Amino acid sequence: MALEAKEHEELLMNWAVAFFTYLGYTVMIVMGRIRDFVGGAVGISRFSHKPRKGYSTLFHSWESFFTRRLYRRLQDCWGRPISSAPGAVIHVMSRQHASNGFTLEADGQATECINLGSYNYLGFGDDWKTSCKAEVMKELGNFPVSMCSSRMDVGNLRLHEELEELVANFLNKEAALVYGMGYDTNTATIPALMGSESLIVSDSLNHTSIVNGARNSASNIRVFRHNDPSHLEDVLREAIVRGQPKHHRPWKKILVMVEGIYSMEGDICRLPEIVRVCKKYKCYIYVDEAHSIGALGKTGRGVCEHTGVDTKDIDILMGTFTKSFSGMGGYIAASAEVIRFLKANASGVLYHNAMAPTICQQVITAFKVIMGLDGTGVGAAKLNALRENSNFFRSEMKRIGLHVVGDDDSPIVPVMIYAPGKICAFSRECLARGLAVVVVGFPAVSILTARSRFCVSAGHTREQIVQAVKIIEEVAERVNLRYQRYFLG
C-alpha cells in the first residue's frame, strides 16, 4: 500500500513548547558551565581531571560537557539492569547513588514491571522454553559456545549455511550471508560494496550503523529528507547532472539506502515510490529491515510484503536477528554474485568472529516457527497478535491526547516528550508504577524531539496493554504530556 507523506515531527509542537524546551536546555548548559568554572577555580569537583604533564586532555569537547552536566543528571533513566528474561514482564533492579555522588550501584532489589522497552516483537522472550529451548540446547551439546575464529578461517559450520539458505528462501533471494553482529552487518557490508567515485544517497534519519558504514566507505554521501521520494528524486537528478566533484565525471555507481521501519520514528518506508525513483535513475537500492523483518507483513516477510514490493526489485536486503528472532547478528540477502563478492571482501566475514552455534540454532528455530515449519500455527498467531497489539496501543495513545508519530502496524510507537525535564520525570514515574519504558533524548534524536519509544510485543496480553495505557495516562497527566489536547501538555 502507498503511505501518505507526513510532516516532520518537529512541526507537531507549537512555539511555546519549542521555547520552553530550548529554555530547559539553556538553563542546564548555563548552570553546568558555572559549576565547571567554580569547580576549576576552587579545585573541588567530582569531575575534575588533570592530564599528565605534557599531554593534552582526552576529554575536552561538547560531548564531555554534555555527559558530565546533562546526562549525569538523568542517568538513572538509562542502563537499568534487569534480572529476568526480556519478556512482556521483567524485573528491573533498583540502583542507588554511590558515595561519589554520580555512580549508580545495584542494591539487590528488583521491581516487577510491564516491559514496553525490549525488541521482543514476536514474544520469543516469553515462550522460549517451549518454542525454542529444546533445539537450541541440543546444539549446545554438539558445538562450543564460540567458534573462536572467523568463518573465513575455521569458523564455518553447517548451521551457518543452513541459516543462510533459510534466509534466502524466506526472502525469495538467490543467496544470503549472515554476520555475528547486527550493527556490523551494515558497517562491514557498505564499505565492501561502495568506495571512491561512488555515491550513497541516504535517508536523513537512517540508523547510525548505516551512517558509519557510509562514512567508512570513502564514498560521496548525499542525504534526502526523511521518507520523501520526491526529494530523493531531486537529489538524484542533481547528483547525476553534476557528476563527481572537481572533474564532473559520471558516478561509477549510486546506492540509495532506506530502512523498513525507522527505529526512532516508528514509520514505515514508502518503498513502492522509492523503488520507482531508483528504477527511473538506474540506482541500486539497499533496505535495512532490522525492525521490519518478522514484524511486518502477513507472513512476517517485512516491508516488501507489507507494501507489495517484489523482493527481486530490491538489490540488497539487510536485516538483524536481534528483534523478532530473539537472537544476535544480521544478514544480507541479494544476488548470488553479490554474496560471493561479500564473502571475499567484507570485514565481518574475513576478520570477525563467526556467529555462535547456539545463536544460529535459535534463529533457525525462530524462522521455522514463523514459517509454520514446526507444524503449528504459533508463528501466524504471533504475527497476528503483534499487529493487533501494536494498533490497539497506538490508538490508545492517541485517545489519551499524546503526540504519537509513526504508522499503523508498526510495533514501534514513539510518543513525544520534548522538554528535557520531562524525560526523566516520565521515565521515573512510569517505573514507580511498574512500567518499564525507554526514553530518548539528544543526541540520539534532535534537541527538540525527545520522546519515549514504546516497543509492543506479541507476548503482551490485552490486560497488560490496558494496564500500561492506564499508567501512561496517569503519568502523562502528572507531567503534562497531552500536547494534542492542551497548549503546553
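Structure report, in brief.

The rules behind each value
- Residues numbered from 1 in each chain as written.
- Predicted model: local features only at pLDDT ≥ 70, side-chain atom pairs only at ≥ 80, totals over all residues.
- Heavy atoms only, no water.
- 1 Å grid on protein atoms, 1.4 Å probe; cavity = no way out; pocket = protein on both sides within 12 Å on 5 of 7 lines; lining within 4 Å.
- Points joined across faces, edges and corners; volume = space filled by probe spheres on them.
- Helix = DSSP H or I, 4+ residues; strand = E, 2+ residues; numbered from the N terminus.
- Nonpolar A, V, L, I, M, F, W, Y, C, P; charged D, E, K, R; others polar.
- Salt bridge = Lys/Arg side-chain N within 4 Å of Asp/Glu carboxyl O.
- Buried < 20%, exposed > 50% of the residue type's maximum accessible area, 1.4 Å probe, protein only.
- Core = buried A, V, L, I, M, F, W, Y, C linked by side-chain atoms within 4.5 Å.
- Contact = heavy atoms within 4.5 Å.
- Polar contact = N/O pair within 3.5 Å; in protein donor to acceptor, adjacent residues only side chain to side chain.
- Pairing = 2+ DSSP bridges.
- Axes fitted to C-alpha atoms, helices over the stretch in contact; angles between N-to-C directions.
- Expected span 1.5 Å × (residues − 1).
- Bend = angle between axes of the 7 residues up to and from the residue.

### Some points on the layout of surface pockets
Stage number 1. In this structure, the largest pocket occupies an estimated 940 Å³ of space.
Stage number 2. As for the largest pocket, its lining consists of 43 residues, and the residues nearest its centre are Leu205, Asn206, His207, Thr208 and Ala444.
Stage number 3. Looking at the lining of the largest pocket, the elements with two or more residues in it are α6 (182-193), β4 (199-203), α7 (208-215), β5 (220-224), β8 (316-320) and β13 (450-455).
Stage number 4. For the lining of the largest pocket, the element with the most residues is α7, which contributes seven residues.
Stage number 5. When the residues that make up the lining of the largest pocket are grouped by side-chain class, the tally is 17 nonpolar, 16 polar and ten charged.

### Some points on the pattern of salt bridges
Charged atoms that come close allow side chains of opposite charge to pair.
Stage number 1. In total, this model carries 23 salt bridges according to the counting rule given.
Stage number 2. Residue Lys280 pairs with Glu233 through a salt bridge whose shortest N-O separation is 2.6 Å. Taken as a pair, Lys280 in helix α9 (residues 271-280) and Glu233 in helix α8 (residues 229-242) lie far apart in primary sequence, 47 residues in all.
Stage number 3. When its relative accessible area of 53% is taken as the criterion, Lys280 is described as exposed.
Stage number 4. When its relative accessible area of 17% is taken as the criterion, Glu233 is described as buried.
Stage number 5. Each of Glu233, Asp234, Arg237 and Lys280 takes part in one network of salt bridges that share partners.

### Here's the deal with the nonpolar core
Stage number 1. With 69 residues, the main nonpolar core has Leu163, Val256, Leu271 and Phe321 as its most contacted residues.
Stage number 2. Discounting chain neighbours no more than four positions away, the residues touching Val256 are Val201, Phe224, Leu232, Leu236, Ile274, Cys278, Cys283, Tyr284, Ile285 and Tyr286.
Stage number 3. Core analysis: the second largest hydrophobic core is formed by 44 residues, Leu70, Val415, Val439 and Ile472 among them.

### So, the environment of Arg301
Stage number 1. Here Arg301 lies in the loop between β7 (284-288) and α10 (303-307).
Stage number 2. Relative accessible area serves as the criterion here: at 26%, Arg301 is assigned to the partly exposed category.
Stage number 3. Each C-alpha atom of the pair Arg301 and Leu171 lies 6.7 Å from the other, and the pair is 130 residues apart in sequence.
Stage number 4. With residues up to four places along the chain from it excluded, the contact list for Arg301 reads Phe170, Leu171, Glu289, Ile293, Leu296 and Met371.
Stage number 5. Separated by 2.8 Å, the side chain of Arg301 and the backbone oxygen of Phe170 make a polar contact.

### Some words on the sheet that holds strand β12 (residues 439-440)
Stage number 1. Strand order across the open sheet formed by three strands is β10-β13-β12, with antiparallel pairing between neighbours. Because the sheet does not close on itself, it has two edges, and the strands there are β10 (412-418) and β12.
Stage number 2. Pairing geometry for β10 and β13, over six bridges, is antiparallel. Pairing of Met416 across the sheet is with Arg451, part of β13.
Stage number 3. Across the sheet, helix α14 (residues 378-399) lies against β10 and β13, angled at about 20° from β10, the strand it touches most.

### With respect to helix α1 (residues 15-42)
Stage number 1. Helix length check: α1, at 28 residues, gives a terminal C-alpha distance of 40 Å against a target of 40 Å (1.5 Å per residue), a fit within 8%.
Stage number 2. Considered for burial, the residues of α1 that qualify are Ala16, Val17, Ala18, Thr21, Tyr25, Met28, Gly32 and Gly39.
Stage number 3. In this structure, the buried side of α1 is in contact with α2 (62-74), β10 and α15 (420-432).
Stage number 4. Here α1 starts with a cap whose side-chain oxygen sits 3.0 Å from the backbone nitrogen of Ala16, and that cap is Asn14.
Stage number 5. Positive phi shows up at Gly43, right after α1, with a value of about 75°.

### Comments concerning the environment of Ile90
Stage number 1. Following the sequence through the fold, Ile90 ends up in strand β1 (residues 89-97).
Stage number 2. Between the C-alpha atoms of Ile90 and Gly330, which are 240 residues apart in sequence, the distance is 25 Å.
Stage number 3. Excluding anything up to four places from it in sequence, Ile90 contacts Ile82, Ser84, Ala85, Thr111, Glu112, Cys113, Asn115 and Ala436.

### Re unusual backbone geometry
Stage number 1. The omega angle of the peptide bond from Phe442 to Pro443 is 10°, so this bond is cis rather than trans.
Stage number 2. Unusually for a residue other than glycine, Ala218 sits at a positive phi of about 70°.
Stage number 3. Relative to the elements of secondary structure, Ala218 occurs in the loop between α7 and β5.
Stage number 4. For Asp409, which is not glycine, the phi dihedral falls at a positive 80°.
Stage number 5. Its place among the elements puts Asp409 in the loop between α14 and β10.
Stage number 6. You can call Asp409 buried: its relative accessible area is 18%.

### Here we look at α2
Stage number 1. Taking 1.5 Å as the rise per residue, α2 with 13 residues should run 18 Å; its terminal C-alpha atoms sit 17 Å apart, in good agreement.
Stage number 2. Residue Arg68 marks the point of greatest curvature in α2, where the axis turns by about 35°.
Stage number 3. The complete set of buried residues in α2 reads Ser64, Phe65, Phe66, Arg69, Leu70 and Leu74.
Stage number 4. Elements in contact with the buried residues of α2: α1 and α15.

### What to know about the environment of Asn384
Stage number 1. For Asn384, the location among the structural elements is in helix α14.
Stage number 2. Each C-alpha atom, one on Asn384 and one on Ala476, is 29 Å from the other, the two residues being 92 residues apart in sequence.

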